[in-house]
Amino acid sequence: MGAMFEAITAWDNLWLACRKAARGKRRKCSAAAFEHQVADRLIALQDDLLTKAYRPGAYCHFFIHEPKRRKISAAPFRDRVVHHALCNLIEPRFEERFIEHSYANRRGKGTHRALDRLQDLARRYRYVLRADVVQHFPSLDHAILSAKLARVIRDEDVRWLADVILSSGADALADTYRMTYFSGDDLLAVCRPRGLPIGNLTSQFWSNVYLNDFDWFVQRELGCGAYLRYVDDFALFSDNKAKLYEWKGAVIARLALERLTIHEAATQVLPTRCGIPWLGFVLYPTHRLIKRRNAVNFTRRLERNLDAYRTGRISFAELDAGVKGWINHVRYADTWGLREHVFAGHPIRRGDT
């Protein structure tokens, strides 16, 4: 047994993983059921991992519709403990290899720092090439990802566990993937295992692993230091419009090696002064706005929640949490007038039932 696998399956790490998996979810039946006799369950899980009898359970699938329709796959709580246990040990090994300006699902990064970085670059450069990957999570190829993991993880037992988790999600997004063929493919390419379930901790982390080589390609081989990425959204900046169009072709060719494509028609070189759509906002060098869709979706959700509160279906605390969450997000844009307008038309009064 390798030292890393021994550390992953150690009692202290499994206990920490359980606490992380349960954070914010103790009211859920799956978490409560696992935490009942938690010591016995962790010992059984530890034994399954050590003997390699561990097999992930079935995912529970559901759809969300904001900001767009997406299929979410929730793993059983027991498997989420394993995901945390694995990431506790391997994530630091990869974190030190990531570029500075990759902002998704990383400690000390996040949405709002990505917004700050993009606006700072918009103030310094005249043009931007912004793009996003088509069918990002459904498209991620298992063979390519396994090879990237193996370059850093030498412990064969850890690679076995990563492959077991990876294989368990192979069919989660199969019904959402539209087949794309690349140079050299034959008809059997359709059978390649692909896709990471949206909702897994490992999927979020592995997404960064998958695109890290591309990040370094942009920075080192293209020589574009004015670059950032958030999940599958990325942007390159320059004062040279022709250079950005040249880079667009290079980006398309490089991503094809990862079996990925971008929305080519929507990927245009634009002046930064015209505004850059980014993570639900539109950023200008001088100010920020939120997308109209964001305001419309929140207003509709607020109306539903107000009705649910007045009829006793949700508590005031639940109503208030939804409102505060939206305010905390949009306060990073110039939205004072919008917030006044929304809440003037939908007054919230405690005890209004």
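Could you give an account of helix H10 (residues 201-221), with specific residues and numbers?
Over its 21 residues, H10 extends 31 Å from the first C-alpha to the last, a length consistent with the 30 Å expected when each residue adds 1.5 Å. Gly223, located one to two residues past H10, shows a positive phi value of around 75°.

Which residues make up the pattern of salt bridges, and what values do they have?
Note on pairing: side chains with opposite charge can pair once their charged atoms come close. Following the criterion strictly, the structure yields 19 salt bridges and no others. In this structure, the salt-bridge partner of Asp48 is Arg78, at a minimum N-O distance of 2.5 Å. On the criterion of sequence distance, the pair formed by Asp48 in helix H4 (residues 38-50) and Arg78 in helix H5 (residues 77-95) is long-range, its members being 30 residues apart. As a salt-bridge pair, Lys71 and Asp175 come within 3.2 Å of each other at their nearest N and O atoms. With Lys71 in strand E2 (residues 70-74) and Asp175 in the loop between helix H9 (156-168) and H10, this pair connects stretches of sequence that are 104 residues apart. Look at Asp175 and you get exposed, because its relative accessible area is 56%.

Pulling in residues and values, what's your account of the state of the cysteines?
Note on terminology: disulfide describes a covalent bond linking the sulfur atoms of two cysteines. Enumeration over the complete set of coordinates arrives at zero disulfides. Cys274 provides the cysteine sulfur closest to Cys224, a residue in no disulfide bond, and the two sulfurs are 19 Å apart.

Go over the packing of helix H2 (residues 11-22) against H4, please, and point to the residues and values.
Relative to each other, H2 and H4 sit at 120°, their axes nearing to 11 Å. In terms of orientation, H2 lies oblique with respect to H4. Between H2 and H4 the crossing geometry is right-handed. Residues Trp11, Leu14, Trp15 and Cys18 of H2 form the contact with H4, whose own contacting residues are Val38, Ala39, Leu42, Ile43, Gln46 and Leu49. Tallied by class, the residues present in the contact of H2 with H4 amount to nine nonpolar, one polar and no charged.

Tell me about the packing of aromatic side chains, residues and numbers included.
In the structure shown here, the tally under the stated rule is 13 aromatic pairs. A ring pair is formed by Phe298 and Trp326, whose centres lie 3.9 Å apart and whose planes are at 0°; its orientation type is stacked. Here Trp326 lies in helix H13 (residues 316-330) and Phe298 lies in helix H12 (residues 292-310), a separation of 28 residues in the sequence. Among the residues examined, Phe298 registers a relative accessible area of 2% and is labelled buried. Overall, the relative accessible area of 6% leaves Trp326 in the buried class. Against the face of Phe217 rests Arg254, its NZ or CZ located 5.8 Å from the ring centre.

Requested: an account of the sheet that holds strand E8 (residues 281-283), with residues and values cited.
The sheet built from three strands is open, its strands ordered E7-E8-E9 with antiparallel pairing. The open sheet has two free edges, formed respectively by strand E7 (276-278) and strand E9 (288-290), since each of these has just one partner strand. Between one strand axis and the next, the sheet turns through 30° on average, direction left out of account. Pairing geometry for E8 and E9, over three bridges, is antiparallel. Counterpart to Val282 in the pairing with E9 is Leu289. The sheet strands contacting helix H6 (residues 111-124) are E7, E8 and E9, and the helix crosses E7 at an angle near 165°.

Rules used in this analysis
Residues numbered from 1 in each chain as written. Predicted model: local features only at pLDDT ≥ 70, side-chain atom pairs only at ≥ 80, totals over all residues. Heavy atoms only, no water. Helix = DSSP H or I, 4+ residues; strand = E, 2+ residues; numbered from the N terminus. Expected span 1.5 Å × (residues − 1). Salt bridge = Lys/Arg side-chain N within 4 Å of Asp/Glu carboxyl O. Buried < 20%, exposed > 50% of the residue type's maximum accessible area, 1.4 Å probe, protein only. Disulfide = S-S within 2.5 Å. Axes fitted to C-alpha atoms, helices over the stretch in contact; angles between N-to-C directions. Parallel < 35°, antiparallel > 145°, perpendicular 65-115°, else oblique. Left-handed = near helix turned anticlockwise from the far one by under 90°. Contact = heavy atoms within 4.5 Å. Nonpolar A, V, L, I, M, F, W, Y, C, P; charged D, E, K, R; others polar. Phe/Tyr/Trp six-rings, centres within 6.5 Å; stacked < 30°, edge-to-face > 60°. Lys NZ or Arg CZ within 6 Å of the ring centre and 35° of its normal. Pairing = 2+ DSSP bridges.

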